[in-house]
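Okay, here's what each chain looks like letter by letter:
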Amino acid sequence: MDTRILIVGYGRMGQLVERLAPEYGCQVAGILDIDRNASGEGLADGAWPEVDVAIDFTTPDAVTQNLARYSALKLNAVVGTTGWNARRDTLRLQCEQAGIGVVAAPNFSAGAVLFEAMAAHAAGLLKDQPAFGAFLHEIHHDKKIDAPSGTALGIKAAMEAAGYPRTIDVAASRAGHVPGVHTVGFDGPSETITLTHSVRDRGTFARGALAAARWVHGKRGWFSMRDVLGLQG
Ligand code: NAD
């Protein structure tokens, strides 16, 4: 059975989600952009009874309003929109109280989520090797404003949580059109270990969001891509 999705935000990501939906057993039941949802009117009470999951790639302001509407509609959601961390706890509580299922992630690339787990495991292996220093480098296109990336900060936190006790030197570059490369390195006196994750195109984020929509269909609770991928902890 297909998962019927509502695409909320028909920008670059929303259009990719539409294009890739059939590959993931998802059927596009509706599309909402700002022209029909500037104040949440596209998600009014009783709207979209036939939809299983909304996929939201909008703006930080819009997603705050939209999450309240998904709760009111008892509509599960996949939230790819970034930049609303400060309101995260409040919104999470609201969704949990409403009993809906939400997958929220700053990075829906399955490879990036797995890469973070690999970096954490490597950091755990290297934690008792004081001869090795650690670094983390990321590069993105010159339109990306935040630096270091949220993904890089997440990788660093995961390495620290795995017990890596020394400095992890983080550096960021912004140039050209790079969709995103993260490298974790451990440098010893005569050798270097590097692990690299490279995004080739933004399709990876849409693919992850669609896989998450399939996964969260019929579930309740607040989840991350780690849950979708079956990673522990
Ligand atoms: P975009 O600017 O191309 O598209 C955003 C769309 O949202 C626009 O079409 C805009 O009109 C629409 N919109 C604004 N307010 C709306 C509202 N109230 N209701 C419905 N639609 C509304 O941006 P994008 O590149 O598609 O990215 C969207 C968001 O997703 C950004 O926050 C970006 O950082 C994030 N993003 C996340 C991931 C991830 O893996 N989590 C990956 C890529 C992008």
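As the structure is a computational prediction, the values presented were derived from the model and not from experiment. (Residues numbered from 1 in each chain as written. Predicted model: local features only at pLDDT ≥ 70, side-chain atom pairs only at ≥ 80, totals over all residues. Heavy atoms only, no water.)

Asker: Mind showing me how you'd approach helix H1 (residues 12-20) here?
Answerer: What sets the pattern is the α-helix's 3.6 residues per turn: residues three or four places apart point alike. Every buried residue belonging to H1 is among Met13, Gly14, Leu16, Val17 and Leu20, and all of these are buried. The buried residues of H1 occupy an angular sector of 160 degrees when the element is viewed end-on, so they sit on one face. For H1, exposure combined with an orientation more than 90 degrees from the buried face picks out Arg12 and Arg19. In the core, the buried residues of H1 are packed alongside strand S1 (3-8), strand S3 (53-56) and helix H7 (203-216). (Buried < 20%, exposed > 50% of the residue type's maximum accessible area, 1.4 Å probe, protein only. Helix = DSSP H or I, 4+ residues; strand = E, 2+ residues; numbered from the N terminus. Arc of directions from axis to C-beta. Contact = heavy atoms within 4.5 Å.)

Asker: It is not clear to me how unusual backbone geometry should be interpreted in this structure. Could you clarify?
Answerer: As a rule of thumb, non-glycine residues mostly have phi less than zero, and peptide bonds are mostly trans rather than cis. For the peptide bond that leads from Ala147 to Pro148, omega is -5 degrees, which places it in the cis range. Looking at the secondary structure, you find Pro148 in the loop between strand S6 (133-140) and helix H6 (150-161). Residues other than glycine seldom take positive phi values, yet Trp48 does so here, at roughly 55 degrees. Tracing the sequence through the fold places Trp48 in the loop between helix H2 (34-37) and S3. One non-glycine residue with positive phi stands out, namely Lys74, at about 55 degrees. Taking the relative accessible area as the measure of exposure, Lys74 reaches 56% and is therefore exposed.

Asker: Whenever I open this one, the pairing of strand S4 (residues 76-79) confuses me. Can you help?
Answerer: As a general feature of sheets, a regular strand has side chains that alternate between the two faces. Neither face of S4 is left uncovered, since the one carrying Asn76 and Val78 and the one carrying Ala77 and Val79 both have all their residues buried. The sheet contact formed by S3 and S4 spans four bridges and is parallel. Bridged to Ile55 within S4 is Val78. In this view, the connection linking S3 to its parallel neighbour S4 by way of helix H3 (residues 60-73) has right-handed handedness. Alignment of S4 against strand S5 (residues 101-104), held across three bridges, turns out to be parallel. The partner of Val78 across the bridge, within S5, is Val103. For the handedness criterion, the β-α-β arrangement of S4, helix H4 (residues 88-98) and S5 is classed as right-handed. (Pairing = 2+ DSSP bridges. Right-handed = clockwise from strand over helix to strand, strands pointing away.)

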